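Residues per chain are reported as follows:
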Amino acid sequence: MPYEFKIEKTQHPKPKPDPDTLKFGKAFTDHMFIMDYAEGEGWHDGRIVPYAPLSLDPAAAVLHYGQAMFEGLKAYRTPSGKIQLFRPYKNAERVRATNERMCMPDVEPELFVGAIKALVSVERDWIPTKPGTSLYIRPFIYADEAFLGVHAAHHYKFVIICSPTGPYYDTPGGQLSATSIFVEENYVRAVKGGTGFAKVGGNYAASLKAQAEAAAKGCEQVLWTDAIEHRYVEEIGTSNAFFVIGGEVITAPLLGTILPGVTRASVIELLKKWGVPVSERRLLVEDAVTAAKEGRLDEVFASGTAAVISPVGRLVFKDDSLTVGDGGVGRLARRLYDELYGIQTGGKPDELGWTVEVN
Ligand SMILES: *Cc1c(COP(=O)(O)O)cnc(C)c1O
């Protein structure tokens with residue numbers, strides 16, 4: 001049975017932001033979704049209410065021990081005016097894995113996707129239509145029980161907010177542009193047995209210091225290496241990493257430290273469909289560096305919901321600054337971006353059945 005949610009419409013609709021100057025995650029829509037969880041009662045009282053600050057007891061567990069998770073996906077308006085989501089059931093699957101790791105209550109995929117559809121439907125006029133724009137959807141769950149003991153909470157809130165966003169790249173027309181990455185050999189993002197595969201804020205908090213130091217060295221992103229030896233490539237910033245060496249596309253396997261990106265899975269499926277060799281295997285930083293020095297590192301790119309595909313033009317390893325490919329946007333990165341973006345926004349046929357319509 002589909003979930004039903006109470007809807008309370010705002011009395012004070014906000015003006016919509018200028019679609020020409022939309023940034024990522026700055027403007028928020030008129031409403032939000034909220035649902036409560038109590039042990040013994042389960043998830044209950046799902047509702048769409050006017051967007052407003054949340055109130056929180058100062059002793060709420062999330063503020064002290066960080067029991068919280070989040071998700072991220074987008075709603076797009078197609079040229080024919082339809083509203084669609086990109087593979088939301090993949091996010092729903094990931095919620096289950098994250099919540100299980102964080103000792104947080106399970107959310108059924110039909111509840112997760114149903115809540116998103118209900119909110120996006122109410123906020124349909126907030127989905128920008130200009131090319132490169134979309135409605136970013138941010139579901140999150142946190143422990144709101146007031147207690148200072150360290151154990152899994154008995155009360156949680158599931159909230160969804162939406163933010164109209166512009167193109168990821170601050171270039172004319174939002175076209176793809178190549179970034180630079182710094183090979184991190186000191187700080188650690190995730191270790192096997194930890195929470196690297198879970199989408200949790202703590203992973204991000206722990207990554208800020210490395211990001212700041214990479215920025216100080218003139219790089220836009222950190223290339224995370226494995227926590228034990230710092231020799232294998234893992235992720236790029238908060239995105240999945242792909243390396244193209246001698247025609248083979250290589251990405252780190254999902255062994256507990258890698259966030260299983262929806263975009264990552266889609267890239268792999270598309271490459272297989274196109275007959276491009278793709279391997280989920282460990283790749284040594286030194287092999288990528290040698291390939292770069294010998295002119296065989298054809299491409300490096302990152303994948304994630306925000307940017308879709310983010311090409312890398314420069315790799316900084318110790319004191320070496322190495323050029324990837326010709327330093328610009330690679331051929332596969334461009335092709336993958338065009339295909340994924342086309343399917344997401346309805347400009348290309350969805351042959352793999354990835355999109356889900358919102359009525
Ligand atoms: C969200 C995220 C990604 C990308 O996942 P998508 O589902 O493709 O958006 C990759 N790495 C990390 C660490 C993430 O948090």
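Predicted model, so just to flag it, every value in this text is computed and none were measured.

With that settled, consider the domain arrangement of the chain. Quite often, the size of an interface is put as the accessible area lost when its parts meet. Each domain of the chain was delimited in the assignment, giving domain 1 (6–166) and domain 2 (172–345). Contacts between the two partners involve 25 residues from domain 1 and, on the opposite side, 23 residues from domain 2. It is F70, F86 and R94 in domain 1 that bury the most area against domain 2; as a group they hold 33% of the surface buried on that side. Across the pair R87 and E269 runs a salt bridge, and its minimum N-O distance is 3.2 Å. For the pair domain 1 and domain 2, the interface holds 13 residue pairs in polar contact (both at pLDDT 80 or more). Counting residues per element, the ones that place at least two in the side of domain 1 that touches domain 2 are β4 (68–70), β5 (73–77), β6 (83–86) and α2 (88–101). Top element by residues in the side of domain 1 that touches domain 2 is α2. It accounts for six residues. Split by residue class, the side of domain 1 that touches domain 2 holds twelve nonpolar, six polar and seven charged.

The next thing to look at is the site of the ligand. With respect to spatial proximity, 14 residues lie near the ligand, and among them K199, Y204, E235, T263 and T305 are the closest. The side chain of Y204 places a nitrogen or oxygen atom 2.4 Å from an oxygen atom of the ligand. Within the side chain of E235, a nitrogen or oxygen atom sits 2.6 Å from a nitrogen atom of the ligand. Isolated, the ligand exposes 380 Å² of accessible area, and the fraction of that covered by the protein chains is 96%. Taken together, the elements giving at least two residues each to the shell around the ligand come down to β12 (239–245) and α6 (262–274).

Considering the arrangement of structural elements, one finds E184 in the loop between β9 (179–183) and α4 (201–205). Within the buried core, E184 has no salt-bridge partner, and the shortest N-O distance to an opposite charge, that of K217, equals 6.6 Å. Here the side chain of E184 touches N186 through a polar contact of 2.9 Å, landing on its backbone nitrogen. Apart from residues lying up to four places away in sequence, E184 is in contact with A210, V222, L223, W224, T225 and H230.

Below, the discussion takes up the nonpolar core. Taken as a class, soluble globular proteins show a tendency for nonpolar side chains to be buried jointly. F33, W43, I137 and F158 are the most contacted members of the largest nonpolar core, which has 39 residues in total. Of all the secondary structure elements, the ones that give two or more residues to this core are β2 (31–38), β3 (42–50), β5, β6, α2, α3 (109–122), β7 (134–143) and β8 (155–165). Dropping the residues within four chain positions of it, F33 is found in contact with F5, G46, R47, I48, A115, L119, F158, V159 and I160. Membership of the second largest hydrophobic core comes to 26 residues, among which are Y76, L176, L271 and F301.

The rules behind these values
- Residues numbered from 1 in each chain as written.
- Predicted model: local features only at pLDDT ≥ 70, side-chain atom pairs only at ≥ 80, totals over all residues.
- Heavy atoms only, no water.
- Domains from an automatic or database assignment.
- Contact = heavy atoms within 4.5 Å.
- Buried area = accessible area lost by both parts, 1.4 Å probe.
- Salt bridge = Lys/Arg side-chain N within 4 Å of Asp/Glu carboxyl O.
- Polar contact = N/O pair within 3.5 Å; in protein donor to acceptor, adjacent residues only side chain to side chain.
- Helix = DSSP H or I, 4+ residues; strand = E, 2+ residues; numbered from the N terminus.
- Nonpolar A, V, L, I, M, F, W, Y, C, P; charged D, E, K, R; others polar.
- Near = heavy atom within 4 Å.
- Areas by Shrake-Rupley, 256 points an atom, 1.4 Å probe, with all protein chains shown as cover.
- Buried < 20%, exposed > 50% of the residue type's maximum accessible area, 1.4 Å probe, protein only.
- Lys, Arg positive; Asp, Glu negative; His and termini not counted.
- Core = buried A, V, L, I, M, F, W, Y, C linked by side-chain atoms within 4.5 Å.

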